[in-house]
Amino acid sequence: MHITIIGTGYVGLVTGACFSEMGNHVTCVDVDKSKIENLKKGILPIYEPGLEPLVVNNHKSGLLKFTTDLSAAMEDSDLFFIAVGTPPGEDGSADLQYVLAVASEIGHHLTRYAVIVDKSTVPVGTADKVRNAIQEELTKRKVTVEFDVVSNPEFLKEGAAVGDFMRPDRVVIGTDSLRSEKIMKDLYAPFSRVQDKIVSMGIRDAEMTKYAANSLLATKISFMNEIAFMCEKLGVDVENVRKGIGSDSRIGYSFIYAGCGYGGSCFPKDVQALIRTAGEAGFSPLILEAVEKRNAMQKKRLFEKVISHFGSDLSGLRFGIWGLAFKPGTDDMREAPATVVIDQLINAGATVTAYDPVAMEEAKHTLATHLKNSKLTLADHQYDAIKDADAMLLVTEWKPFRQPDFEAMKRLMARPVIFDGRNQYNPEQLKEEGFHYEGIGR
Ligand SMILES: NC(=O)C1=CN([C@@H]2O[C@H](COP(=O)(O)OP(=O)(O)OC[C@H]3O[C@@H](n4cnc5c(N)ncnc54)[C@H](O)[C@@H]3O)[C@@H](O)[C@H]2O)C=CC1
Ligand SMILES: O=C(O)[C@H]1O[C@H](OP(=O)(O)OP(=O)(O)OC[C@H]2O[C@@H](n3ccc(=O)[nH]c3=O)[C@H](O)[C@@H]2O)[C@H](O)[C@@H](O)[C@@H]1O
């Protein structure tokens with residue numbers, strides 16, 4: 001098939017690379033000229049394990065192309081994937097301006113039947129808006145062109161995106177025509193044992209499915225963070241509780257890790273957008289509001305622990321941060337818990353040195369103000385980040401942080417104090433080794 005993907009970010013680039021790997025002709029379009037120029041040279045805009053060889057090899061073979069010119073890309077295409085951002089607007093609702101701009105542009109150039117697929121996460125009813133935006137342009141041009149709009153939400157996780165796309169748990173296809181449903185099923189047919197995993201439904205159902213999935217996962221995390229808070233008050237170790245409940249297959253082990261809050265470009269914005277959708281439908285979504293509130297509180301937990309140990313004035317104290325990305329396996333720092341704790345420590349008078357295995361370039365942009373004011377420095381190595389530190393804060397559980405050399409840490413640090421935001425260490429062992437240790441919910 002000939003496919004055009006509009007928006008070459010985490011989702012668009014992974015989608016394009018994986019479809020081209022299956023032998024399709026794919027053109028990835030983006031308005032960001034430098035991103036497209038770099039991709040043509042084999043330089044990827046994001047860190048995503050396993051993505052580079054797919055992009056480079058399929059680009060070399062001619063199956064995967066990159067351009068800023070949508071009209072040129074449209075000439076051969078049967079399928080258009082909209083994969084642009086849907087960031088939160090001021091009121092928390094999903095901002096559809098990029099999606100609808102792309103829809104209008106498609107309508108401006110469309111000359112023959114095509115399927116337009118919403119891959120971006122968009123609220124219920126957006127497919128109608130996309131259809132209207134395309135039709136408006138066709139009407140302006142006084143042409144009649146048949147087209148279908150489909151919802152095909154994406155469930156990949158950053159840091160595991162290629163594997164998730166190649167071996168999906170399910171592929172949700174929301175359509176209102178048999179013709180477009182067949183095209184979508186054919187497109188996904190080569191993916192690993194996908195036949196049993198395609199879930200066909202109405203377009204609005206598919207749009208809602210994406211928000212329900214992310215909101216339920218966020219709910220599991222916030223629920224567990226609430227239990228963790230209670231555990232601290234009651235002298236219980238939440239890690240034992242997690243193991244105890246996860247073994248029940250109805251609950252499962254996934255997404256019940258207490259920590260210093262969920263971040264990323266999706267859970268925070270999608271929970272907010274669903275709250276907004278509920279508001280528009282005329283009711284207050286009590287659970288979702290609590291999920292969001294708990295997460296905002298959770299991102300402040302590490303700082304609360306720091307000031308209850310050191311006092312509220314942190315002037316003259318120095319903190320080492322391990323982990324800046326919102327989760328391991330990515331350089332993405334959108335809504336990362338690390339940004340919250342760094343702001344709080346610096347506002348309380350402390351200086352901070354931070355290290356992340358892959359997000360250092362991203363940190364230079366995200367944390368530019370603190371770097372400029374010399375309140376924050378970035379270290380070249382995890383152990384350099386804790387040199388002379390009054391405490392180490394583990395914020396992202398990258399593998400090299402999971403079993404560090406505690407003896408070396410004690411020698412390097414000004415004081416042997418660890419705040420473990422991801423419950424990676426054994427509290428008993430650390431206490432025996434002479435550390436003051438605090439985790440989340442233990
Ligand atoms: N990041 C993730 O892990 C996942 C994201 N999603 C959803 O997918 C959508 C995209 O997310 P990301 O890939 O993270 O966004 P992103 O911000 O990484 O990429 C979006 C890209 O779209 C480009 N763009 C904006 N307007 C354009 C236009 N008119 N024409 C061409 N390109 C344009 C931007 O320059 C940017 O490169 C969002 O709705 C998100 O919620 C869904 C599942 C996973
Ligand atoms: O719509 C999206 O963008 C994607 O959002 C999430 O994927 P992602 O944000 O990449 O990463 P997750 O692995 O879900 O982690 C999100 C956050 O939750 C935190 N988390 C995760 C699991 C857990 O048990 N506890 C916990 O605090 C992580 O540290 C991270 O900050 C979903 O898992 C994907 O299915 C979805 O496609």
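Here the structure is a predicted model, which is why all the values come from computation and not from measurement.

1. Overview of the overall build of the chain
Logical step 1: Along its length, the chain carries 18 helices and 14 strands.
Logical step 2: Across the 442 residues in the chain, those meeting the buried criterion constitute 53%.
Logical step 3: Here the contacts in the chain between residues at least 6 apart in sequence split such that 74% fall between residues at least 24 apart.
Logical step 4: With 51 positive and 60 negative side-chain charges, the chain shows a separation of 1 Å between the mean positions of the two kinds.

2. Observations concerning the pairing of strand β9 (residues 318-322)
Logical step 1: The buried fraction of β9 amounts to four of the five residues, a majority that puts the element mostly inside the structure.
Logical step 2: In terms of strand pairing, β9 meets strand β10 (residues 351-355) through five bridges, oriented parallel. Looking at β10, one finds that Phe-319 is bridged to Val-352.
Logical step 3: Of the strand pairs in this sheet, β9 and strand β12 (residues 391-394) are connected by four bridges, and their pairing is parallel. From the neighbouring strand, Phe-319 faces β12, where its bridge partner is Ala-391.

3. Some remarks on the sheet that holds strand β13 (residues 417-420)
Logical step 1: Spatially, the six strands line up as an open sheet ordered β11-β10-β9-β12-β13-β14, and their pairing is parallel. Strands at the two margins of the open sheet, each flanked by one partner only, are β11 (376-378) and β14 (436-438). Strand-to-strand twist in this sheet, taken as the mean axis angle between neighbours without regard to direction, amounts to 20 degrees.
Logical step 2: Pairing of β10 with β11 involves three bridges; the strand directions are parallel. Pairing of Thr-353 across the sheet is with Thr-377, part of β11.
Logical step 3: Each of β9, β12, β13 and β14 touches helix α13 (residues 301-310); the most contacted strand, β13, lies at about 155 degrees to it.
Logical step 4: Against the sheet, helix α14 (residues 337-347) makes contact with β9, β10, β11 and β12, and its axis sits at roughly 175 degrees relative to β9, the strand it touches most.

4. A word on the UniProt feature "domain: UDP-glucose/GDP-mannose dehydrogenase C-terminal" (unreviewed entry) in the chain
Logical step 1: When the UniProt feature table is mapped onto this chain, "domain: UDP-glucose/GDP-mannose dehydrogenase C-terminal" (unreviewed entry) is found at residues 320-427.
Logical step 2: For the annotated span residues 320-427, helix accounts for 29% and strand for 18% of the residues, and the straight-line distance between the end C-alpha atoms is 19 Å.

5. Let's talk about the nonpolar core
Logical step 1: Counting residues in hydrophobic clusters, the biggest one holds 59 residues, and the most contacted among them are Leu-345 and Leu-393.
Logical step 2: For this core, the leading source of residues is α14, giving five residues.
Logical step 3: Taken domain by domain, this core gets at least three of its residues from each of domain 2 (211-297) and domain 3 (299-438).
Logical step 4: Once residues lying within four places of it in the same chain are set aside, the contact partners of Leu-345 are Phe-303, Val-306, Leu-314, Phe-319, Ile-321, Ala-350, Val-352 and Leu-393.
Logical step 5: Core analysis: the second largest hydrophobic core is formed by 39 residues, Ala-17, Val-26, Tyr-188 and Phe-191 among them.

6. Observations regarding the packing of helix α6 (residues 126-141) against helix α9 (residues 203-234)
Logical step 1: With their axes 9 Å apart at the nearest point, α6 and α9 run at an angle of 125 degrees to one another. Judged on the interaxial angle alone, α9 and α6 are oblique. Residues Thr-126, Ala-127, Asp-128 and Arg-131 of α6 form the contact with α9, whose own contacting residues are Ile-203, Arg-204 and Glu-207.

7. What to know about the site of ligand 2
Logical step 1: Close contacts around ligand 2 come from 18 residues, with Phe-155, Leu-156, Lys-210, Asn-214 and Cys-266 the closest.
Logical step 2: One of the backbone nitrogen or oxygen atoms of Ile-256 is found 3.3 Å away from an oxygen atom of ligand 2.
Logical step 3: Within the backbone of Tyr-257, a nitrogen or oxygen atom sits 2.9 Å from an oxygen atom of ligand 2.
Logical step 4: Computed on the free molecule, ligand 2 has an accessible area of 700 Å², of which 90% lies beneath the protein chains in the complex.
Logical step 5: No other element matches the three residues that α9 contributes to the shell around ligand 2.
Logical step 6: The class makeup of the residues in the shell around ligand 2 is ten nonpolar, two polar and six charged.

Reading guide: rules and limits
- Residues numbered from 1 in each chain as written.
- Chains lettered and ligands numbered in written order.
- Predicted model: local features only at pLDDT ≥ 70, side-chain atom pairs only at ≥ 80, totals over all residues.
- Heavy atoms only, no water.
- Helix = DSSP H or I, 4+ residues; strand = E, 2+ residues; numbered from the N terminus.
- Buried < 20%, exposed > 50% of the residue type's maximum accessible area, 1.4 Å probe, protein only.
- Contact = heavy atoms within 4.5 Å.
- Lys, Arg positive; Asp, Glu negative; His and termini not counted.
- Charge placed at Lys NZ, Arg CZ, Asp CG, Glu CD.
- Pairing = 2+ DSSP bridges.
- Axes fitted to C-alpha atoms, helices over the stretch in contact; angles between N-to-C directions.
- UniProt positions renumbered as here; feature names shortened; annotations may be inferred.
- Core = buried A, V, L, I, M, F, W, Y, C linked by side-chain atoms within 4.5 Å.
- Domains from an automatic or database assignment.
- Parallel < 35°, antiparallel > 145°, perpendicular 65-115°, else oblique.
- Near = heavy atom within 4 Å.
- Polar contact = N/O pair within 3.5 Å; in protein donor to acceptor, adjacent residues only side chain to side chain.
- Areas by Shrake-Rupley, 256 points an atom, 1.4 Å probe, with all protein chains shown as cover.
- Nonpolar A, V, L, I, M, F, W, Y, C, P; charged D, E, K, R; others polar.

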